[in-house]
Amino acid sequence: MPVLNLEQIKEIIPHRDPFLLIDEVVELEPGVRAVAKKYLKPDEFWFKGHFPQEPVQPGVLTIEMLAQTGAVCALCLPENKGKIAFFAGIDKARFRGKAGPGDTLTLSVEVVKTVHGVSFCKGVATVDGKKIATAEFSSVLGD
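These numbers were taken from a predicted model, which means no experiment stands behind them.

Rules and cut-offs
The numbers attached to residues start from 1 for each chain and follow its sequence in the written order. Given that the model is predicted, a residue must reach a pLDDT of at least 70 before its local features are reported, and side-chain atom pairs must reach 80 or more before they are shown or counted; all residues, however, enter totals for whole chains, interfaces and linings. Excluding hydrogens and water, the side-chain values take into account all heavy atoms of the structure. Comment: elements are numbered from the N terminus, with helices defined as DSSP H or I runs of at least four residues and strands as E runs of at least two. Throughout, the radius of gyration refers to the C-alpha atoms, and the reference size of a globule is 2.2 Å times the residue count to the power 0.38. Each residue gets one of three labels from its accessible area relative to the maximum for its type: buried under 20%, exposed over 50%, partly exposed in between, using a 1.4 Å probe on protein chains only. Two residues qualify as a contact provided that any one of their heavy atoms is within 4.5 Å of a heavy atom in the partner residue. For the area figures, the Shrake-Rupley method with a 1.4 Å probe applies, and any residue is considered shielded solely by the protein chains shown. By the counting scheme adopted, Arg and Lys are positive, Glu and Asp are negative, and His together with the chain ends is not counted. A charged residue contributes its charge at one atom only: NZ of Lys, CZ of Arg, CG of Asp or CD of Glu. A helix is expected to span 1.5 Å multiplied by its residue count minus one. In plain words, nonpolar cores are sets of buried Ala, Val, Leu, Ile, Met, Phe, Trp, Tyr and Cys residues tied together by side-chain atoms within 4.5 Å. If DSSP finds at least two bridges between two strands, the strands pair.

The number of helices and strands found in the protein is 2 helices and 6 strands. Along its sequence from the N terminus, the protein presents helices and strands in the succession α-β-β-α-β-β-β-β. What you see for the protein is a C-alpha radius of gyration of 14 Å, in line with the 15 Å of a compact globule of 143 residues. Expressed as a percentage of the 143 residues in the protein, the buried residues total 43%. In the protein, the proportion of contacts linking residues at least 24 apart, taken out of those at least 6 apart, comes to 59%. Within the structure as shown, the protein displays about 7,700 Å² of accessible surface, and the carbon and sulfur contribution to it stands at 55%. Between the mean site of the 17 positive side-chain charges and the mean site of the 18 negative ones, the protein shows a separation of 5 Å.

In this section: helix α2 (residues 59-75). With 17 residues, α2 ought to run about 24 Å at 1.5 Å a step, and its terminal C-alpha atoms sit 24 Å apart, in line with that. Counted residue by residue, α2 has 15 buried out of 17 residues, so it is predominantly covered.

So, on to the nonpolar core. Counting residues in each nonpolar core, the largest one holds 35 residues, and the members touching the most others are I9, I13, I22, M65, V72, L105 and L107. Of all the elements in the fold, those that place two or more residues in this core are β2 (33-39), α2, β4 (104-115), β5 (118-127) and β6 (130-142). Residue contributions to this core peak at 9 residues, all from α2. Ignoring any residue separated from it by four or fewer positions in sequence, one finds L105 in contact with A36, K37, K38, L40, Q57, T62, M65, A99, T126, V127 and I132.

Taken together, the 5 bridges between strand β1 (residues 24-29) and β2 define a ladder with antiparallel strand orientation. Within β2, the residue paired with E24 across the bridge is K37. Here β1 folds back onto β2, and the loop between the two strands holds 3 residues, one of which, G31, carries a positive phi near 75 degrees. Bridge analysis of β2 against β4 gives 7 bridges, and the strand direction is antiparallel. Each bridged residue has a counterpart across the sheet, and for A34 the counterpart in β4 is V109.

Within the fold, C121 resides in strand β5. Judged by its relative accessible area of 5%, C121 is buried. Note: C-alpha distance between C121 and L21 (100 residues apart in sequence) is 18 Å. When neighbours within four sequence positions are excluded, C121 is seen to be in contact with V109, E110, V111, V112, A135, E136 and F137.

In this section: unusual backbone geometry. Cis rather than trans, the peptide bond between D17 and P18 has omega equal to 10 degrees. Of note, P18 is situated in the loop between α1 (6-10) and β1. Backbone torsion omega between H50 and F51 reads 0 degrees, so that peptide bond is classified as cis. Phi at H116 is positive, roughly 50 degrees, even though this residue is not glycine. Here H116 is to be found in the loop between β4 and β5.

See the structure below:
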């Protein structure tokens, strides 16, 4: 059972279709950690061109999914209501496997520290328990 469904996620982060890239949040410790899910439907817009002969989830969109999970984690705190989380940096991104239509991505993000309004996070994306991507990233909150 999700902690946050799609409509509740929309109340926290400003992303909308076609760029709202998480479907539900299944674990949440506000400001500390979050786990979200993305169900990769065969008609996702990126599969038409990446790649027509073998649809593959783009790595950069997986990183964006991790960032949106981190944004929910940060923006669900009462003091951050109505703000936007902007990418400040991406480090150590590694792609270790692939995902495609019909797969479910599990997106786990931990806030490592926050310094002067910049949050530093670690994220892991898995499919069926196998790591497909890892990254460290930072974001800054704005109005």
